[in-house]
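Spelled out, the chains give:
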Amino acid sequence: MRRLRGAGVLVTVAAGLAVLAPTADAQVGTGPWVSDSPGYSEQERGCGDVSGLTFKLTCSTASGDQRAERRYNTYTGGTHQFEGSFKITSMTGSRISLKQTFRDGSNAGPYFMLAVEKGGRMYAVEGGATLGSGATVGTSVRVNTINQVGSSHKVYLNGSLKQTISSASGSYYDKFGSYRTASGEGPVTVAWSGVKFWHK
């Protein structure tokens, strides 16, 4: 009986801590941040395949809609941070989009797309700016995006700020996985891990 009461006390304390500590530390950006757990849907098009947090394009088709992604719920207003790490486990194709921030609603469409070339160069699809290097097979890269709706969208790679662009007011959502860009092709296999979301 003493053991059961003791276990009950531990559960009560843990639950109380959860209620008293709604904020969470993010890897980048100035807080305080509040953890989010948005819902998501999976998207498989063409030769795309989703298995948990592993996303594959199994063909070398250089046309059509080839994608394997998670699409998270839409948000409107505020400041929202995404964090996740990707590791390319195989890649004979090139120019594959890995993480996207999408506009939703009347102005729906890709707003920011982080893509990678076969040699490991990471770049912004819109404008083509180089954001980093070293995303080679077997190397883990941490990605953070902070979208302050109506102000700015920031991109961090391995904790370093790589791009700041303006962010219009409206609705957005996050996507990640593997997606053939207009000039890209597979095959590619990408494993994601450590996916987290916050807002403030």
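All values reported here derive from a predicted model rather than from experimental measurement.

A. Geometry of the nonpolar core. Grouped together as the largest cluster of nonpolar side chains are 33 residues, with contacts concentrated most on Phe86, Met122 and Trp192. The contacts of tryptophan 192, once residues within four sequence positions are left out, are Leu53, Phe55, Phe82, Gly84, Ser85, Phe86, Leu98, Lys99, Val143, Phe176 and Gly177.

B. Fine view of the state of the cysteines. Counted according to the given criterion, the structure contains 1 disulfide. Between cysteine 47 and cysteine 59 runs a disulfide, and the two sulfur atoms are separated by 2.1 Å. Disulfide cysteine 47 to cysteine 59: torsion about the S-S bond roughly -65°, handedness left-handed. Taken together, the residues span a long stretch of sequence, with cysteine 47 in the loop between β3 (40-45) and β4 (48-51) and cysteine 59 in the loop between β5 (54-57) and β6 (67-72) at a distance of 12 residues. We classify cysteine 59 as buried; its relative accessible area is 18%.

C. The environment of tyrosine 123, seen in detail. Position of tyrosine 123 relative to the elements: it lies in strand β11 (residues 122-124). On the accessibility criterion, tyrosine 123 (2% relative accessible area) is buried. Residues tyrosine 123 and lysine 162 lie 39 residues apart in sequence; the distance between their C-alpha atoms is 9.9 Å. Excluding its chain neighbours within four sequence positions, the residues that come into contact with tyrosine 123 are Arg95, Met113, Leu114, Ala115, Val116, Glu117, Gly128, Ala129, Thr130, Leu131 and Thr181.

D. Representation of the pattern of salt bridges within the structure. Overall, the coordinates contain 8 salt bridges when judged by the stated rule. In this structure, arginine 45 and aspartate 65 form a salt bridge, with 2.8 Å as the shortest nitrogen-oxygen distance. Taken together, the residues span a long stretch of sequence, with arginine 45 in strand β3 and aspartate 65 in the loop between β5 and β6 at a distance of 20 residues. What makes arginine 45 partly exposed here is its relative accessible area of 37%. On the basis of relative accessibility, which here comes to 30%, the residue aspartate 65 falls in the partly exposed class. Across the salt bridge formed by glutamate 117 and arginine 95, the nearest N and O atoms sit 2.6 Å from each other. Of the two residues, glutamate 117 sits in the loop between β10 (109-116) and β11 while arginine 95 sits in strand β9 (residues 94-104), which places them 22 residues apart along the sequence. Overall, the relative accessible area of 26% leaves arginine 95 in the partly exposed class. What you see here is one network of salt bridges that share partners, running through Arg45, Asp65, Arg67, Glu69 and Lys175.

Cut-offs applied
Residues numbered from 1 in each chain as written. Predicted model: local features only at pLDDT ≥ 70, side-chain atom pairs only at ≥ 80, totals over all residues. Heavy atoms only, no water. Core = buried A, V, L, I, M, F, W, Y, C linked by side-chain atoms within 4.5 Å. Buried < 20%, exposed > 50% of the residue type's maximum accessible area, 1.4 Å probe, protein only. Contact = heavy atoms within 4.5 Å. Disulfide = S-S within 2.5 Å. Helix = DSSP H or I, 4+ residues; strand = E, 2+ residues; numbered from the N terminus. Salt bridge = Lys/Arg side-chain N within 4 Å of Asp/Glu carboxyl O.

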